[in-house]
Amino acid sequence: LLPPGERNQIYSCQLLASGGTPAYRWTAISALPPVLSLSDDGVLSGTPETDGFHRLRLRVDDALGDSDTVTLDLRVALPESVKGVIGTGVVGAGNL
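Residues numbered from 1 in each chain as written. Predicted model: local features only at pLDDT ≥ 70, side-chain atom pairs only at ≥ 80, totals over all residues. Heavy atoms only, no water.

Quick word on the pattern of salt bridges
Right, on to step 1. Using the criterion set out here, one finds 4 salt bridges in the structure.
Right, on to step 2. Note that D51 is salt-bridged to R7, the shortest N-O span being 3.4 Å. You can see D51 sitting in the loop between β5 (43-46) and β6 (52-61) and its partner R7 sitting in the loop between β1 (5-6) and β2 (10-18), a full 44 residues away along the chain.
Right, on to step 3. The class for D51 is partly exposed, based on a relative accessible area of 38%.
Right, on to step 4. Look at R7 and you get partly exposed, because its relative accessible area is 27%.
Right, on to step 5. Its salt-bridge partner being D73, residue R55 comes within 2.7 Å of it at the nearest N-O pair. Of the two residues, R55 is situated in strand β6 and D73 in strand β7 (residues 67-77); the sequence distance between them amounts to 18 residues. (Salt bridge = Lys/Arg side-chain N within 4 Å of Asp/Glu carboxyl O. Helix = DSSP H or I, 4+ residues; strand = E, 2+ residues; numbered from the N terminus. Buried < 20%, exposed > 50% of the residue type's maximum accessible area, 1.4 Å probe, protein only.)

Laid out in structure tokens, this is it:
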């Protein structure tokens, strides 16, 4: 489960992989929610414009070509109040 996000608030989450040979490269297997992106180094970021529950299927490849896939859930909710950065966190996800 990813840290939750709030609609129209900045979201950023660093994904981590372990057990393989660095450097790791992350890619989305399933479509990401609109306005969110995943960088090669595993930062999921953007400003979600709609609330809801999103199931993300991601892949991580290591330097030797070994790979793993992971399914992570992201909940985007209506904001309770205006906040700065929402959902910043570190998640251990891939295990090569």
